[in-house]
Amino acid sequence: ILTDTLKEFPEQPLTFDINLESLAVVIISENGRFNIVGQKGLDYPQLPVLKEEKKNSLQVDPGILLSGISKTLFATADDELRPVMNGIFMELDTDSITFVASDAHKLVRYKRTDASAEQESSFILPKKPASLLKVILPREDNQVTIEFDEKNAFFTLSEFKLVCRLVEGNYPSYNSVIPKDNPNKLIIDRIEFYNTLKRVAVFSNQASNLIKLQLTGNQITISAQDIDFSISAYERLNCQYDGDDMEIGFKSVFLIEILSNLSSQDVVFEMSDPSRAGIMLPTENENEDEDVLMLLMPMMIGP
């Protein structure tokens, strides 16, 4: 009620008259009075205290933290059964910091070698505090101090201190799901590919969102159809392809999401076969100290 009311006031002084016994609050403006009721301050939750013997701390450049959150937040899950997947896994090392997010369909790994911690440690940052940091970090110029134990984390900025409860549990071994040997390599203009997908995806089945990529020579055919409504579409694009002729299916929503979160002009798509995950990388990174990898599981095309 308070924030909704304050939004509607023009620039003017307001007087807050507070009765500490009845907790009645009267807001007096130039032309009116507004009555609300407060609650006991003692009932407000106490800030958690980090355990000294389990506390880790480091300082991170706000730009690095913002990039790590922005690049991975979209790939977090909404999985009640596996809460560890509902946050960003931050892996701190003596020579790098890695941000990882996955919902079992897509995975993003964002690594920075220009940031590090004094010792190896890790934690899972929940989605909501990550979203809050994404909003306040662009206005930050100074180093961000991160302190955490096994249950809570404190992010101290110049004018803000964000305190959050961490997701408890062990994050799955993400490196084991990234395929190492991917002989089929596609290089394509990201914006062109993105725009084509947006157009063709309109014709995909609404339940599956299946889109097919057919790779032959230096051409890719992007197609979709919805048999129920007798609609279909395809577009051909020129690309650079080095590998065997191949047809592979993906969920268009996820593929579009990944392309919109990569920033280079061209993207590299590495694949091994139609049943294994495809890896997408920028042809050039925005920053020489960053390493961005996005992975997407394919969909079965069927007979």
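Read on for an overview of the structure. In this convention, every chain numbers its residues from 1, walking through the sequence in written order. Given that the model is predicted, a residue must reach a pLDDT of at least 70 before its local features are reported, and side-chain atom pairs must reach 80 or more before they are shown or counted; all residues, however, enter totals for whole chains, interfaces and linings. With hydrogens and water set aside, each side-chain value is computed from the structure's full complement of heavy atoms.

**Brief notes about the overall build of the chain**
Part 1 of the reasoning: Tallying secondary structure elements over the chain gives 5 helices and 20 strands in all.
Part 2 of the reasoning: Here the globule rule reads 2.2 Å times residues to the power 0.38, and the radius of gyration is calculated from C-alpha atoms. Taking 2.2 N^0.38 as the reference for a compact globule, 303 residues should give roughly 19 Å; the C-alpha atoms of the chain span a radius of gyration of 25 Å, well beyond that estimate.
Part 3 of the reasoning: If you line up the chain on its principal axes, its C-alpha atoms span 80 × 50 × 35 Å.
Part 4 of the reasoning: Exposure classes here rest on a 1.4 Å probe applied to the protein chains alone. A residue is buried below 20% of its type maximum, exposed above 50%, and partly exposed in between. Looking at the chain as a whole, 44% of its 303 residues are labelled buried.
Part 5 of the reasoning: Residue contacts follow a heavy-atom distance rule, with two residues in contact if any of their heavy atoms lie within 4.5 Å. Taking the intrachain contacts of the chain between residues at least 6 apart in sequence as the baseline, contacts between residues at least 24 apart amount to 62%.
Part 6 of the reasoning: Only the protein chains shown count as cover for residues, with accessible areas throughout obtained via the Shrake-Rupley method and a probe of 1.4 Å. Element-wise, carbon and sulfur atoms account for 48% of the exposed surface of the chain, whose accessible area totals about 17,300 Å².
Part 7 of the reasoning: Working convention for charge: Lys and Arg count positive, Asp and Glu count negative, and His plus the chain ends are omitted. By convention, the charge on Lys lies at NZ, on Arg at CZ, on Asp at CG and on Glu at CD. On the chain, the mean spot of the 28 positive side-chain charges and the mean spot of the 47 negative ones are 4 Å from each other. A run of H or I in DSSP counts as a helix once it spans at least four residues, and a run of E counts as a strand once it spans at least two, with each numbered from the N terminus.

**Regarding the environment of isoleucine 97**
Part 1 of the reasoning: Relative to the helices and strands, isoleucine 97 resides in strand β6 (residues 97-102).
Part 2 of the reasoning: Its relative accessible area of 1% is what places isoleucine 97 among the buried residues.
Part 3 of the reasoning: Sequence spacing of isoleucine 97 and glutamate 290 is 193 residues, and the spatial spacing of their C-alpha atoms is 9.9 Å.

**As for the pairing of strand β14 (residues 219-226)**
One face of the sheet, then the other: side chains in a regular strand alternate in exactly this way.
Part 1 of the reasoning: By definition, two strands form a pair when at least two bridges between them are found by DSSP. Bridging between strand β13 (residues 210-216) and β14 involves 5 bridges; their strand directions are antiparallel. Within the sheet, the bridge partner assigned to leucine 213 lies in β14 and is isoleucine 222.
Part 2 of the reasoning: As consecutive antiparallel partners, β13 and β14 are separated by 2 residues, and within that stretch glycine 217 has a phi angle of approximately 55 degrees, a positive value.
Part 3 of the reasoning: Where β14 and strand β15 (residues 231-238) come together, 8 bridges link them in antiparallel fashion. The partner of isoleucine 220 across the bridge, within β15, is leucine 237.
Part 4 of the reasoning: Linking β14 back to β15 in an antiparallel pair, the connection comprises 4 residues, with serine 230 at a positive phi of about 55 degrees.

**Examining the packing of aromatic side chains**
How two aromatic rings sit relative to each other is given by the distance of their centres and the angle of their planes.
Part 1 of the reasoning: Side-chain rings of Phe, Tyr and Trp, where Trp is taken by its six-membered ring, are said to pair if the distance between their centres is within 6.5 Å; with planes under 30 degrees apart they count as stacked, over 60 as edge-to-face, and otherwise as tilted. This model, assessed by the stated rule, comprises 7 aromatic pairs.
Part 2 of the reasoning: Judged by centre distance (6.2 Å) and plane angle (50 degrees), the rings of phenylalanine 99 and tyrosine 110 are tilted. In this pair, phenylalanine 99 is assigned in strand β6 and tyrosine 110 in strand β7 (residues 106-112), connecting sequence segments 11 residues apart. For the pair phenylalanine 99 and tyrosine 110, one class covers both residues: buried.
Part 3 of the reasoning: Measuring from ring centre to ring centre gives 6.5 Å for phenylalanine 123 and phenylalanine 155, while their planes differ by 70 degrees; the resulting arrangement is edge-to-face. Residue phenylalanine 123 is found in strand β8 (residues 121-126), and its partner phenylalanine 155 is found in strand β10 (residues 152-156); the two are separated by 32 residues along the sequence. Considered together, phenylalanine 123 and phenylalanine 155 belong to a single accessibility category, that of buried residues.

**Quick notes on the packing of helix α4 (residues 190-201) against helix α5 (residues 252-260)**
Part 1 of the reasoning: Where α4 meets α5, the axes come as close as 10 Å, and the angle between the chain directions of the two elements is 155 degrees. As far as their axial angle goes, α5 and α4 are roughly antiparallel. The handedness of the crossing between α4 and α5 comes out as left-handed. Contact with α4, carried on its side by Arg190, Phe193, Tyr194, Leu197, Lys198 and Ala201, involves Ser252, Leu255, Ile256, Leu259 and Ser260 of α5 and no other residues of that element.
Part 2 of the reasoning: When residues are sorted by character, Ala, Val, Leu, Ile, Met, Phe, Trp, Tyr, Cys and Pro go into the nonpolar class, Asp, Glu, Lys and Arg into the charged class, and all the rest, Gly among them, into the polar class. A per-class count over the contact of α4 with α5 returns 7 nonpolar, 2 polar and 2 charged. Helix axes are fitted only over the stretch in contact, all axes being lines through C-alpha atoms; the angle between N-to-C directions runs from 0 to 180 degrees. Each angle is binned into one of four classes, with values under 35 degrees roughly parallel, values over 145 roughly antiparallel, values of 65 to 115 roughly perpendicular, and all other values oblique. It is the rotation of the near helix from the far one that decides the hand of a crossing: anticlockwise by less than a right angle makes it left-handed, clockwise makes it right-handed.

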